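# Observations on the three-dimensional arrangement
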Amino acid sequence: MSYTREQLESVMSEKLSKSDTIKLRNKHIGQACQLFYRSDPLKIVRGQGQYMFDELGNRYLDCINNVAHVGHCHPKVVRAGSLQMATISTNNRFLHDELVQCAKTLTSKMPGDLSVCFFVNSGSEANDLALRLARNYTKRHDVITLDHAYHGHLTAVMEISPYKFNQPGGEPKPDYIHVAPCPDVYRGKFIDKEHPGADMAQLYSAPVVEVCQKLQSQGKGLAAFIAESLQSCGGQIIPPPGYFRAVYDAVHAAGGLTIADEVQVGFGRVGTHYWAFETQDVVPDIVTVAKPMGNGHPVGAVVTTPEIAHAFYATGVAYFNTYGGNPVSCAIANAVMHVIDEEGLQENARVVGDYLLKKCREFSLEFGIIGDVRGAGLFVGIELVKNRDTREPDTKSAHWVVNRMKSLHKVLVSSDGPNDNVIKLKPPMCFNQENADQFLQAFRECLAMLVKEGSDAHFMVGAAAEKSSGATMFESHQRLIKSS
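Residues numbered from 1 in each chain as written. Predicted model: local features only at pLDDT ≥ 70, side-chain atom pairs only at ≥ 80, totals over all residues. Heavy atoms only, no water.

## Quick notes on the overall build of the protein
Tallying secondary structure elements over the protein gives 15 helices and 16 strands in all. In terms of overall size, the protein behaves like a compact globule, its C-alpha atoms giving a radius of gyration of 23 Å where 484 residues would be expected to give roughly 23 Å. C-alpha atoms of the protein, sized along the principal axes, occupy 65 × 60 × 45 Å. Intrachain contacts of the protein at a sequence separation of at least 6 include 72% that bridge at least 24 residues. Counting only carbon and sulfur atoms, one obtains 53% of the accessible surface of the protein, whose full area is about 21600 Å². If the 48 positive side-chain charges of the protein are averaged to one point and the 52 negative ones to another, these points end up 5 Å apart. (Helix = DSSP H or I, 4+ residues; strand = E, 2+ residues; numbered from the N terminus. Rg over C-alpha atoms; globule rule 2.2 N^0.38 Å. Contact = heavy atoms within 4.5 Å. Areas by Shrake-Rupley, 256 points an atom, 1.4 Å probe, with all protein chains shown as cover. Lys, Arg positive; Asp, Glu negative; His and termini not counted. Charge placed at Lys NZ, Arg CZ, Asp CG, Glu CD.)

Have a look at this one:
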């Protein structure tokens, strides 16, 4: 299904001035809702491929959106959703081909006995259901999670998300949740330079083993271990080789199940494999997927084994999700998976990701502010530090780079990690080498400016940005959006 230029322009046309949009948002949208570039926010009216456009027609290179997995408004995805919406959209208690085709395709990408699906609407729902499956199967309640992890916003998954509950005002961690160190060999509990030649996987898996043994000695046992296959909010963390193998062995020995959260990094993003957990040569008991699965449409799934699924069925309590697995969502997910294969986006992620990592590591030879460059495919983290020897995080510079990239270079990146000093790249999978070069040129200019101007650079903005915002470049605690 195609649309005329006039139809598209009618949707894109600015119905409110940016100032009016800001005023209405301040009035009617909860202030706890996060907004990028809060002191000078973007009003995005259109997306295409790896680009987004504001109300003035400015084009921004999108290095943030792992949700628009195959590119903003991919025509085949739009067509699939539009056609199905124009035909029928109902719940999955009726038979429909899109549902079963989606389950068939999704499970065909999974290793081992991961062959049964439950469809949901988001990563939060997926992880919530994964916990229910694990606790039902094991008849236990305790869960091990990793420090800095984020698994969603529902109550049950907030409990396993230190990224949230460790913040000021966060709910206390329940006693049945156990937090193991994040396997961050650069800044974690065990760092590479303090343990030269050591088995980092063994060092980081040992605390998980200890929790498992303690629970067994108490007669409790373990319900599940859950982890993002590559931790994103924690700072684009790549676990040491062998880490998940050691952890999974310990968890299974304690009678628990393993849950791989692929919500951020699945569907070919790591380049070498379709799922990030495959880079560690493990097969989880339960896998959760969402975000990229719908390319911006709310759809997610939990994939598990027939044995675990049957135990859930045997409770006699039916599982029903009003929108989970509806024909429109499944048609869109089917189109996304088809486009990934048809356009070779997994291989593109590998090739372009390798190029990005190589060039960023070359930058680290020139700019001492780069402490570490890590990643897999189109999942890249660049950690900024004040001193390479002490590895003191340079949060202020990271914030400055994020805002300068947007205001001067029209390139959108973000920062994250425990110290918010890691520049994150997780762009749409159609991101190509030309886009990588655009990012690299802009990023290099920012680094050069930091070297040239030192601390004064934090207070400098491009002339164009000065004219448009009239506000400081970064205000993390500003509650209301500035409208002038």
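Still more ground to cover, so stick around.
## Focus: the domain arrangement of the protein
Split into domains, the protein comes out as domain 1 (75-343) and domain 2 (345-458). For domain 1 versus domain 2, the separation of C-alpha centres amounts to 27 Å. With both chains or domains summed, domain 1 and domain 2 bury close to 2400 Å², and 52% of this area falls on carbon and sulfur atoms. Considering only the side of domain 1, the residues that lose the most area to domain 2 are Y186, Q236 and R269, jointly responsible for 35% of the buried surface there. Linking domain 1 to domain 2 there are two salt bridges. For R187, the salt bridge is made with E383, and the minimal N-O distance between the two is 2.4 Å. Our count for the domain 1 to domain 2 interface comes out at 18 residue pairs in polar contact (both at pLDDT 80 or more). The class makeup of the residues in the side of domain 1 that touches domain 2 is 14 nonpolar, eleven polar and five charged. (Domains from an automatic or database assignment. Buried area = accessible area lost by both parts, 1.4 Å probe. Salt bridge = Lys/Arg side-chain N within 4 Å of Asp/Glu carboxyl O. Polar contact = N/O pair within 3.5 Å; in protein donor to acceptor, adjacent residues only side chain to side chain. Nonpolar A, V, L, I, M, F, W, Y, C, P; charged D, E, K, R; others polar.)

## A closer look at the nonpolar core
By size, the foremost hydrophobic cluster in this structure holds 98 residues, and its most contacted members are L106, F225, M293, I382, I423, F439 and F443. Domain assignment of the residues forming this core places at least three in each of domain 1 (75-343) and domain 2 (345-458). Residue contacts for I423: discarding those within four places in its chain leaves V380, G381, I382, L384, A398, V401, V402, V413, S414 and F443. Counting 21 residues, the second-largest nonpolar core is a separate cluster that includes V120, A126, I160 and I226. (Core = buried A, V, L, I, M, F, W, Y, C linked by side-chain atoms within 4.5 Å. Buried < 20%, exposed > 50% of the residue type's maximum accessible area, 1.4 Å probe, protein only.)

## Here's the deal with the packing of helix α13 (residues 395-407) against helix α14 (residues 433-453)
Axis separation between α13 and α14 bottoms out at 10 Å; the angle between their running directions is 130°. If you check the angle between α13 and α14, you find them oblique. Every pair of crossing elements has a handedness; the one defined by α13 and α14 is right-handed. In this structure, α13 contributes S397, W400, V401, R404 and M405 to the contact, and α14 contributes F439, A442, F443, E445, C446, M449 and L450. In terms of residue class, the contact of α13 with α14 is built from nine nonpolar, one polar and two charged. (Axes fitted to C-alpha atoms, helices over the stretch in contact; angles between N-to-C directions. Parallel < 35°, antiparallel > 145°, perpendicular 65-115°, else oblique. Left-handed = near helix turned anticlockwise from the far one by under 90°.)

## A look at the sheet that holds strand β1 (residues 44-48)
Pairing is mixed in the open sheet, where four strands are placed in the order β1-β2-β3-β14. The sheet terminates laterally at β1 and β14 (411-412), the two strands that pair on one side only. Examined bridge by bridge, strand β2 (residues 51-54) and strand β3 (residues 59-62) share three bridges and lie antiparallel to one another. The partner of M52 across the bridge, within β3, is Y60. (Pairing = 2+ DSSP bridges.)

## Describing helix α5 (residues 123-138)
The first and last C-alpha atoms of α5 sit 22 Å apart over 16 residues, in line with the 22 Å expected at 1.5 Å per residue. The element α5 is largely enclosed, with a buried count of twelve among its 16 residues. Following α5 by one or two positions, K139 has its phi on the positive side, about 60°. (Expected span 1.5 Å × (residues − 1).)

## Let's talk about the pattern of salt bridges
One pass over the structure, following the stated rule, counts 17 salt bridges. E362 is paired through a salt bridge with K359; the nearest N and O atoms lie 3.7 Å apart. Note that E362 and K359 are positioned in helix α12 (residues 345-366) at a spacing of three residues, about one turn of the helix. Salt bridges here are not isolated pairs; linked through shared partners, they connect R187, D372, R374 and E383.

## Overview of the environment of E98
As for its position among the elements, E98 is in helix α4 (residues 97-108). When the C-alpha atoms of E98 and C330 are compared, they prove to be 5.5 Å apart, with 232 residues separating the residues in sequence. Setting aside chain neighbours within four positions, we find E98 in contact with Q84, P327, C330, A331 and N334. One polar contact links E98 to N334, side chain to side chain, over a distance of 2.7 Å.

## Describing the sheet that holds strand β4 (residues 116-120)
As summarised here, the arrangement of the seven strands in space is β4-β10-β9-β8-β7-β5-β6, forming an open sheet in which the pairing is mixed. The open sheet has two edge strands with one neighbour each: β4 and β6 (177-180). The average angle at which neighbouring strand axes cross in this sheet is 20°, direction not considered. Across five bridges, β4 lies against strand β10 (residues 300-304) in antiparallel orientation. When the bridges of β10 are listed, V116 appears paired with T304. Where helix α10 (residues 306-313) meets the sheet, it contacts β4, β8 (257-261), β9 (286-289) and β10, and its direction lies at approximately 60° from that of β4.

## Observations regarding unusual backbone geometry
With phi around 60°, K410 is a residue other than glycine that occupies positive phi space. Tracing the backbone through its elements, the reader meets K410 in the loop between α13 and β14. Phi is positive for D420, close to 55°, though the residue is something other than glycine. Mapping D420 onto the fold places it in the loop between β15 (414-416) and β16 (422-425). Under the relative-accessibility criterion, D420 is labelled partly exposed at 23%.

## Here we look at the pairing of β8
Sheet faces and side chains relate simply in a regular strand, where the side chains alternate between the two faces. Of all five residues in β8, five are buried, a share of seventy percent or more. Side-chain alternation along β8 places L257, I259 and D261 on one buried face and T258 and A260 on a second face that is also buried. Across five bridges, strand β7 (residues 224-228) lies against β8 in parallel orientation. Bridge pairing in β8 links E228 to D261. Following the chain from β7 across helix α9 (residues 243-253) to the adjacent parallel β8, one finds a crossover that is right-handed. (Right-handed = clockwise from strand over helix to strand, strands pointing away.)

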